[in-house]
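Residues per chain, in single letters:
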Amino acid sequence: MSKLNKSIIQKFSVEQKQSKVGMVVIFFDKFISIVKNYAIFLIIPMWKDFDLILLIILILLIALFTAALTVIEFKYFTFQFDFNKNDFIVKKGFLKKTKLSVPLNKIQQINLNQNFIHKFLNLYEIQMDTAGSDSKEVSIKAVKEDIAFEIKDFTDFLKEKNIDIDLEKSNESKSLEIDFYTLIKTGLTSRYFQTLGFIIALFFGALEYLDALGINFIPSFSSFIKNGNFGFIAILVYIILIFLAVFASNLISTIIKFYKFSASKTNNNLSVSYGLISTKTILMNPNKVQVFSFTQNWIQKKIDLCNIIIYQASSNMNISSDKSKEGSKVNIPGANSSDKKTIFEFIYKSFDDNEFIIKPNIRKFSVNFFLIGVIPSILFFGINHFFELLSSLNYIMIQTIYLAVILFVSYRLYKNNIMSVSKNFIKVQSGFWDITTKIIEIHKIQSIVIDQEIWYKKLNLANLTLCTAGGMIRFSYMDYFILRKITDNFLFKVEVSNKSWM
Amino acid sequence: MSKNFSNNKILIENIPSAENIIMSGIEKKYINIMIFNRFLWCIISLIGCIISIKYIGFVEQFSYIIYISTLILWAVIFSLTGISFKRKKYVFRDHDLMYSSGVIFTSTVLIPYNRIQHLAIHQGFLSRVFDLASLQFYTAGGSYTDISIKGLTKMDAEMWKEFVSAKIEKIKK
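Residues numbered from 1 in each chain as written. Chains lettered and ligands numbered in written order. Predicted model: local features only at pLDDT ≥ 70, side-chain atom pairs only at ≥ 80, totals over all residues. Heavy atoms only, no water.

**With respect to the interface of chain B and chain A**
Across the contact, 34 residues belong to chain B and 36 residues belong to chain A. Between chain B and chain A, the buried area comes to about 3200 Å², and carbon and sulfur atoms account for 58% of it. Where chain B meets chain A, there are zero salt bridges. Here chain B and chain A share seven residue pairs in polar contact (both at pLDDT 80 or more) between them. At the level of elements, helix 1 (8–14), strand 3 (96–101), strand 4 (105–112) and strand 5 (116–122) of chain B are the ones that each hand at least two residues to the side of chain B that touches chain A. For the side of chain B that touches chain A, the element with the highest residue contribution is strand 4 of chain B, accounting for eight residues. Looking at the side of chain B that touches chain A residue by residue, the classes come out as 16 nonpolar, 14 polar and four charged. As paired strands, strand 18 (residues 447–453) of chain A and strand 4 of chain B are joined by six bridges and run antiparallel to one another. (Contact = heavy atoms within 4.5 Å. Buried area = accessible area lost by both parts, 1.4 Å probe. Salt bridge = Lys/Arg side-chain N within 4 Å of Asp/Glu carboxyl O. Polar contact = N/O pair within 3.5 Å; in protein donor to acceptor, adjacent residues only side chain to side chain. Helix = DSSP H or I, 4+ residues; strand = E, 2+ residues; numbered from the N terminus. Nonpolar A, V, L, I, M, F, W, Y, C, P; charged D, E, K, R; others polar. Pairing = 2+ DSSP bridges.)

Structural data, given as structure tokens:
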């Protein structure tokens, strides 16, 4: 088990540079981000009088500039280990020099990532997620495969050394794999509404973009509305087409994201890796898990499938950077109930099912129905009355269908919203189609927020938010008396608990 | 202690309640700062209105409606200053602290001492004039729930900071 042999100590005690081939990765990384940020300034003036030579010259200039930046970054970026202090040291910067030293025990997890270029050149990006809000996240853009795994291995080893573990017993690695067939099933059954919303947003985004480019799309659009066929069958066909688009994009994105999903237990951690174009490896430590969340809809319930997301404590919670949040989030698509049970038990060791169940007030239903059902209907009635868009028969039909759907949705939202409290866990379930259940351990609560709108004071209703280091859970329209009792209970448990939250 | 937790019903009665606690208000002088801040934001929003009407090109006839509604909004906010001041309350207990505020949307934040990451005293320019300071508590739960008690005297803030730091130190041992 002595992974820390002399050659490794010698190797990493001196300053190391990234792989020379890795400059390609750094270059493309920078180039893409520059182009992404400034493309809009290029495209709009280009559209009107397009000049290929000018464009090529511009791109070459940008490439040259990026190349210069890349060489500078490569030249002044070094990393090494101080084995005496157990510190990881990164030096970088040309004009403004930075020296980052991260104590090994502060490193929460080491992720090895690969994007398309990494894969092609057989390189890895090392990402170190650190605890503590003021220290920054350390990432080394491109190193060779052997170095990447050496660093991961010996840092894990040094970290584990501090915590005494019984290696013999826990070294068995049981793995969980999600096969291609399950991924297809997951892709076909998940995230209908999010993807639909995304497609609609994309559609309007495209319209706005066309508008910015000065293309007049309104005549063709309005002629479609006027002359298009809006009979019953035509509408059915449109709906089916939209659904097909949703299915297709879900299927593709699921497969690209989670291709070859595998999770294996190593010592105390769960190591998860997945991805078709870029492979991600995430290490999950049960102590750092804050929120265990799983989503299941009606179809998935029938075929015994659910999507699990595990939120770990992340160092950069305060800064809303998506990258760091993504790094601390573990996705498990298409798990069946026994997988779910295995993972849950692996993280929490136990589960007590003696639950105290709390339901929201009926206001949750009526207020929702009023806000998304009645108010838009009144607005629509007004608009229709003034501009005479629809014949009265069509209006009544659409209005009735809309209200019926909203009635059903608000009822489901109300009915599915359940909070249950047991000895160690709090569980909140919500949603109308995709039903998400979030579970937190009581002793991992960081703070509690009780909020109340003034008009609910007389009704004795309030909302409860429980915050952990990996996200929060919220339960609204709750009886104030019960809320006070359970928050006192939670506070008491947090305050007497000796267990650490991370 | 946690062994006693098997029977929820009984324990719920025994646990000290956060409900009937008498909370202390903040320093009277702070109301000056509140009025000043509101005044500043009022002027900024009016300037914003003027600029947006002039340059973005709102329809002329709507401009009065925009001005009037902005002024009404600020009149309401100004008239609620006194209540808003009275609603800002805090209390330090043996194991946690509690801060509540808000007029229309009231909120109460509770943080146990053993979950506080660090705490800091902030003093702005105006606060220095009135010898006030704000005491902020940071947790790992994110900025949404960090408590910032504004309008303490500098001395009180220092004192509470010492008090809570001592509590945290004690818990760590």
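**Some remarks on the packing of helix 14 (residues 363–387) of chain A against helix 15 (residues 392–416) of chain A**
All names here are of chain A. Contact pair helix 14 / helix 15: the axes reach a minimum separation of 8 Å and the direction vectors enclose 165°. Considering the angle they form, helix 14 stands roughly antiparallel to helix 15. As helix 14 runs across helix 15, the sense of the crossing is right-handed. Here helix 14 contributes Lys364, Phe365, Asn368, Phe369, Ile372, Gly373, Val374, Pro376, Ser377, Phe380, Phe381 and Asn384 to the contact with helix 15, which in turn contributes Tyr395, Gln399, Tyr402, Leu403, Ile406, Leu407, Ser410, Tyr411, Leu413 and Tyr414. Partitioned by chemical class, the residues of the contact of helix 14 with helix 15 number 15 nonpolar, six polar and one charged. (Axes fitted to C-alpha atoms, helices over the stretch in contact; angles between N-to-C directions. Parallel < 35°, antiparallel > 145°, perpendicular 65-115°, else oblique. Left-handed = near helix turned anticlockwise from the far one by under 90°.)

**What to know about helix 14 of chain A**
Residues and elements named next belong to chain A. In a regular helix each residue adds 1.5 Å, so 25 residues correspond to 36 Å; helix 14 covers 34 Å between its end C-alpha atoms and thus fits that length. Where helix 14 bends most, the angle comes to about 40°, and this point is Phe370. Among the residues of helix 14, Lys364, Phe365, Val367, Gly373, Ser377 and Asn384 are the ones counted as buried. Buried residues along helix 14 sit against helix 15 and strand 20 (471–479). (Expected span 1.5 Å × (residues − 1). Bend = angle between axes of the 7 residues up to and from the residue. Buried < 20%, exposed > 50% of the residue type's maximum accessible area, 1.4 Å probe, protein only.)

**As for the pattern of salt bridges**
Think of it this way: side chains of opposite charge can pair up when their charged atoms draw near. All names here are of chain B. A complete count under the given rule lists 10 salt bridges over all chains for this structure. Glu158 is the salt-bridge partner of Lys154, the closest N and O atoms lying 3.5 Å from each other. Of the two residues, Lys154 and Glu158 both sit in helix 6 (residues 154–172), four residues apart, roughly one turn of that helix. Given a relative accessible area of 26%, Lys154 falls into the partly exposed group. Judged by its relative accessible area of 37%, Glu158 is partly exposed.

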